[in-house]
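Secondary and tertiary structure notes
Each chain, written out:
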Amino acid sequence: MEQIAVIGAGTMGNGIAHVFAQHNYKVNLVDVAAPALEKALGTIQKNLDRQVAKGAITDAVKAQTLQNITTFTSIAEGVQNVSLVVEAATENSALKLKIFTELDQHAPANAILATNTSSISITRIAAATKRPQKVIGMHFMNPVPVMKLVEIINGYATDAAVTRTIVSLSEKLGKTPCVVNDYPGFIANRILMPMINEAICSLYEGVAGVQEIDTVMKLGMAHPMGPLQLADFIGLDVCLSILQVLHDGFGNPKYAPCPLLVNMVTAGYLGVKSGEGFYKYTAGSKDLVVSERFLKM
């Protein structure tokens, strides 16, 4: 397995491409938007520069990593002659189903089709193809070059040999694979999102403020980042989407998104990506500043 295609040049896509390319796989990075590809290459280069500055890699490794990446704006062209496709497009069911239908048409018959989805059913995605046994979840964590975990999700029809291949490949990337089965939220988000939602509910109900909630979890539970800051980092729209998947999938009211989260997403306060969520983010500043909206609570 030497030729890999990554679909989507956003935060997760460029991180996945970076890791594969750094481990000397040839990567076809595919996105319909040429500016997104240019931005992705710029991000990868900056992250490689950071690794060089820390002494983690050499200039030669950086140069080879960049040479290993080729960009495409067409899925049909980008998935020719690949052994594995990793889809990392926006967390939207309709979009992913459309992409997998197209991948099935254009990728080689023996290629494994993986998705980086954080919550959408692998079985449902696989059903959009004629090769459900070759479809699997390969859920990387953000930031991909740093985080060790890869959550590997078996769909109902995923072949055991495919799972073994993806486990082995993850280990070759220096990651730690954990194999789970296909139920709403898998494991990572089935546990994480209710915690984040409960933190938001606690804020909504006036139990404690933003800083207090995050400080309790950081100092009391040894979490490197509080749940509200983490929600901002993930994207409040993504958190809402995953909670909706959990709520719809299980039909259990304990997964119902907090009204405050729904209102924030509706109003466009999405966290880091929009410049404001529970905290306010200013370009060039690393200070953690609580949003003025929550100083009055």
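Residues numbered from 1 in each chain as written. Predicted model: local features only at pLDDT ≥ 70, side-chain atom pairs only at ≥ 80, totals over all residues. Heavy atoms only, no water.

1. Description of the sheet that holds strand E7 (residues 149-154)
The strand order E3-E2-E1-E4-E5-E6-E7-E8 describes an open sheet built from eight strands, whose pairing is mixed. Sheet topology places strand E3 (69-72) and strand E8 (176-181) at the edges, where each strand pairs with a single neighbour. In this sheet, neighbouring strand axes are inclined to one another by 25° on average, regardless of whether the strands run parallel or antiparallel. Where strand E6 (residues 135-140) meets E7, five bridges bridge the pair, whose relative direction is antiparallel. Its bridge partner lying in E7, Gly137 is registered against Ile153. (Pairing = 2+ DSSP bridges. Helix = DSSP H or I, 4+ residues; strand = E, 2+ residues; numbered from the N terminus. Axes fitted to C-alpha atoms, helices over the stretch in contact; angles between N-to-C directions.)

2. A word on the layout of surface pockets
As a volume, the second largest pocket reaches approximately 410 Å³. Val272, Tyr281, Ser285, Lys286 and Asp287 are, among the 13 residues lining the second largest pocket, the residues nearest its centre. Of the residues belonging to the lining of the second largest pocket, the class tally is six nonpolar, four polar and three charged. (1 Å grid on protein atoms, 1.4 Å probe; cavity = no way out; pocket = protein on both sides within 12 Å on 5 of 7 lines; lining within 4 Å. Points joined across faces, edges and corners; volume = space filled by probe spheres on them. Nonpolar A, V, L, I, M, F, W, Y, C, P; charged D, E, K, R; others polar.)

3. Comments concerning the packing of aromatic side chains
Aromatic ring pairs are defined here through the distance separating the ring centres and the angle between the ring planes. The final tally for this structure, using the stated rule, is four aromatic pairs. With a centroid separation of 5.6 Å and an interplanar angle of 85°, the aromatic rings of Phe20 and Tyr25 are classed as edge-to-face. Of the residues examined, Phe20 reaches a relative accessible area of 0% and is grouped as buried. A relative accessible area of 10% means that Tyr25 is categorised as buried. Ring centres 6.5 Å apart and planes at 70° place the aromatic pair Phe20 and Phe140 in the edge-to-face group. On the criterion of sequence distance, the pair formed by Phe20 in helix H1 (residues 11-22) and Phe140 in strand E6 is long-range, its members being 120 residues apart. Put simply, the rings of Phe20, Tyr25 and Phe140 pair up and form one aromatic cluster. (Phe/Tyr/Trp six-rings, centres within 6.5 Å; stacked < 30°, edge-to-face > 60°. Buried < 20%, exposed > 50% of the residue type's maximum accessible area, 1.4 Å probe, protein only.)

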